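The residues making up each chain are set out below.
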Amino acid sequence: MMTCVGNSQVRPKLKRAEMTVTGTRAESLNGAPVTLLTVKGSRRLSRTKIETASVYHALIFHPDSRILSIGGGFLNEGPLATVTITWTIQKTPNDYKNTDKKELRIGNHAINKIVTLAGKSFSLSKGNLFIIKLNQDWVPESLQINEQLVQPVESKTVLDAFKSSSPGDEVIQRLELAQ
């Protein structure tokens, strides 16, 4: 599991109720080559009150590779936040020096409440759960699920939301949190 605390030097000037990214969590799941991504945020309710919330969540299916590590982080630049997930993969079995890095970048615009991925835009008002499938070349294809998890939640709750919104998907149904 990777937890990243943000770049606190950049303080965006956002209006009340606009969400800024404050952290990310990425973890591998059992049952398929998949990473569960949670992007956390906060919004100002008044001069003295800030509310924590979930910005969005993604199930990221990737090619079946020997993953040595998952990393990444985020950068806030005014109303724009970019979340980056990196995977270090082993190119050949039992050769830990012969590796490759794969990367996925997801943009988030706090004012417009839009997530961007591979040139496509998604309105967070239509849901903040995403299924991202990376092909053999690690190129993403995305699907937005019409469901909202706005309160900060544990990984199990996020996974359960994906399962309940995809009852006919056998692969998603057999996913489990790593112990």
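I will try to describe carefully the structure that is included in this document. Fair warning: this is a prediction, and the values are worked out from it, not measured in the lab.

**Describing the pairing of strand S11 (residues 140–145)**
In this sheet, S11 lies alongside strand S10 (residues 129–134) in antiparallel orientation, the contact comprising six bridges. The partner of Ile131 across the bridge, within S11, is Leu143. Hairpin connection between S10 and S11: a loop of five residues separates the two successive antiparallel strands, and Trp138 in this loop has a positive phi of roughly 65°.

**Thoughts on the nonpolar core**
Counting residues in hydrophobic clusters, the biggest one holds 26 residues, and the most contacted among them are Leu37, Tyr56 and Ile132. Of all the secondary structure elements, the ones that give two or more residues to this core are strand S2 (19–30), strand S3 (34–44), strand S4 (50–61), strand S6 (80–90), strand S7 (99–109), strand S8 (114–117) and S10. Residues contacting Leu37, with those up to four places away along its chain left out, are Thr24, Arg25, Ala26, Tyr56, His57, Ala58, Ile60, Val83, Ile85 and Ile106. Leu129, Ile145, Ala161 and Leu175 belong to the second largest nonpolar core, which has 16 residues in total.

**Overview of the packing of aromatic side chains**
Overall, the coordinates contain three aromatic pairs when judged by the stated rule. Look at Tyr56 and Phe130: their rings are 6.1 Å apart centre to centre, the planes differ by 90°, and that puts the pair in the edge-to-face class. Taken together, the residues span a long stretch of sequence, with Tyr56 in strand S4 and Phe130 in strand S10 at a distance of 74 residues. There is no split in this pair, since Tyr56 and Phe130 are both buried. Taking 5.3 Å as the distance between ring centres and 50° as the angle between the ring planes, the aromatic pair formed by Trp87 and Trp138 counts as tilted. Placement of the pair is Trp87 in strand S6 and Trp138 in the loop between S10 and S11, with a sequence separation of 51 residues. A relative accessible area of 0% means that Trp87 is categorised as buried. Judged by its relative accessible area of 9%, Trp138 is buried. Here the aromatic residues Tyr56, Phe122 and Phe130 are joined through ring pairs into a cluster of three or more.

What counts and how
Residues numbered from 1 in each chain as written. Predicted model: local features only at pLDDT ≥ 70, side-chain atom pairs only at ≥ 80, totals over all residues. Heavy atoms only, no water. Pairing = 2+ DSSP bridges. Helix = DSSP H or I, 4+ residues; strand = E, 2+ residues; numbered from the N terminus. Core = buried A, V, L, I, M, F, W, Y, C linked by side-chain atoms within 4.5 Å. Buried < 20%, exposed > 50% of the residue type's maximum accessible area, 1.4 Å probe, protein only. Contact = heavy atoms within 4.5 Å. Phe/Tyr/Trp six-rings, centres within 6.5 Å; stacked < 30°, edge-to-face > 60°.

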